Amino acid sequence: MPRADRAWVGAYGAAVCASAYGSMKLAQALGADALADKDPLPPDLRERLLARDPLFVTSHWVLAVAAMVGVVVALATVRPWGAAVPRRLLLTITWTLGIFMIARSIGLLGFGFVGDTLLLTGVRPPPSGHVALAHELAYWDLLLWSPFFLLWGVCWITAARWLGGHRFTRHRGRGRAREDGRTGRAGRP
């Protein structure tokens, strides 16, 4: 697949993942369950989440808005209007989000493939009194959340890698941004 095609797949993939995640968080903010009971949280936090604690409701709103911003950022990496956004800012955001999401999916942040596997194999003990719930949530995380965050992170990294090697410039007389590669010159007509 040509590099420019990978960039579009990465950017639009990140936008779709952000839309899906944001839609879920918006639904949760508005009172829907929307997989909230499958969130791999410690038992006390899970109870607060399911009881619609105001802190969690607020966090759902914040995450829904952040996801909307994520859609715009993802599209800014490949759309001509994205040239108005400072390139270093886009690079910083896309690389940071990609690395964070991949680290989360692997388990460097407590959840993910490693943490779930350690819990399910008995290497890491589950919270006392919540063994069945911990195993259920680990399965959900292993089969849904971790792959989702891995896909989302790979999309961000793909968009970031392309953005790092390309830039948009205005082509005189046509009024639209054009991809010019690493040279900094306008592309072919």
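Visitor: Can you walk me through the overall build of the protein in this structure?
Guide: The helix and strand tally for the protein stands at 6 helices and 2 strands. Listed by position from the N terminus, the elements making up the protein come as α-α-α-α-α-α-β-β. Burial statistics for the protein: of 189 residues in total, 39% are counted as buried. Restricting the contact set of the protein to residue pairs at least 6 apart, pairs at least 24 apart contribute 60%. Working note: accessible area of the protein is about 10,600 Å², and carbon and sulfur atoms make up 67% of it.

Visitor: Please clarify how the nonpolar core should be interpreted in this entry.
Guide: Across soluble globular proteins, nonpolar side chains have a tendency to be buried as a group. Membership of the largest hydrophobic core comes to 25 residues, with the highest contact counts inside it found for Ala 14, Tyr 21, Phe 148, Phe 149, Trp 152 and Trp 156. At the level of elements, α1 (3-29), α3 (54-76), α4 (87-106) and α6 (131-165) are the ones that each hand at least two residues to this core. At 9 residues, α6 tops the list of elements feeding residues into this core. In this structure Phe 149 touches Tyr 21, Met 101, Ile 102, Arg 104 and Ser 105, once residues within four positions along its chain are discounted.

Visitor: Would you mind showing me how to read the packing of aromatic side chains here?
Guide: The geometry of an aromatic ring pair is captured by two quantities: the separation of the ring centres and the angle between the planes. Counted under the stated rule, the structure contains 7 aromatic pairs. Relative to Trp 152, the ring of Phe 148 has its centre 5.4 Å away and its plane inclined at 55°; by these criteria the two rings are tilted. Of this pair, Phe 148 and Trp 152 both sit in helix α6, separated by 4 residues, roughly a single helical turn. For Phe 148, a relative accessible area of 19% puts it in the buried group. Members of the aromatic cluster, each reached through a chain of ring pairs, are Tyr 21, Phe 148, Phe 149 and Trp 152.

Visitor: In this structure, what is going on with the environment of Leu 63? I would like to understand it.
Guide: Secondary-structure assignment places Leu 63 in helix α3. As for Leu 63 and Ala 18, which are separated by 45 residues in sequence, their C-alpha atoms are 9.9 Å apart.

Visitor: In this structure, what is going on with the confidence of the model for the protein? I would like to understand it.
Guide: Detailed reading of the predicted model is not advised wherever pLDDT is low. Here the protein shows a mean pLDDT of 85. Residues at 70 or above account for 84%. Confidence, read as mean pLDDT per element, is least for strand β1 (residues 168-170) in the protein (42) and greatest for α3 (96). Every residue in residues 167-189 scores below 50 in pLDDT, and together they form 42 contacts with partners more than four places removed in sequence or on other chains.

Visitor: How should I be thinking about the packing of helix α2 (residues 43-50) against α3 in this particular structure?
Guide: Packed helices, taken two at a time, are described by the angle between their axes plus the distance between the axes. Between α2 and α3, the shortest axis-to-axis distance is 7 Å and the interhelical angle comes to 75°. By the angle class used here, α2 and α3 are roughly perpendicular. Contacts between α2 and α3 pair Leu 45, Arg 48 and Leu 49 from the former with Leu 55, Phe 56 and His 60 from the latter. When its residues are assigned to classes, the contact of α2 with α3 shows 4 nonpolar, 1 polar and 1 charged.

Calculation criteria
- Residues numbered from 1 in each chain as written.
- Predicted model: local features only at pLDDT ≥ 70, side-chain atom pairs only at ≥ 80, totals over all residues.
- Heavy atoms only, no water.
- Helix = DSSP H or I, 4+ residues; strand = E, 2+ residues; numbered from the N terminus.
- Buried < 20%, exposed > 50% of the residue type's maximum accessible area, 1.4 Å probe, protein only.
- Contact = heavy atoms within 4.5 Å.
- Areas by Shrake-Rupley, 256 points an atom, 1.4 Å probe, with all protein chains shown as cover.
- Core = buried A, V, L, I, M, F, W, Y, C linked by side-chain atoms within 4.5 Å.
- Phe/Tyr/Trp six-rings, centres within 6.5 Å; stacked < 30°, edge-to-face > 60°.
- pLDDT = per-residue confidence, 0-100.
- Axes fitted to C-alpha atoms, helices over the stretch in contact; angles between N-to-C directions.
- Parallel < 35°, antiparallel > 145°, perpendicular 65-115°, else oblique.
- Nonpolar A, V, L, I, M, F, W, Y, C, P; charged D, E, K, R; others polar.

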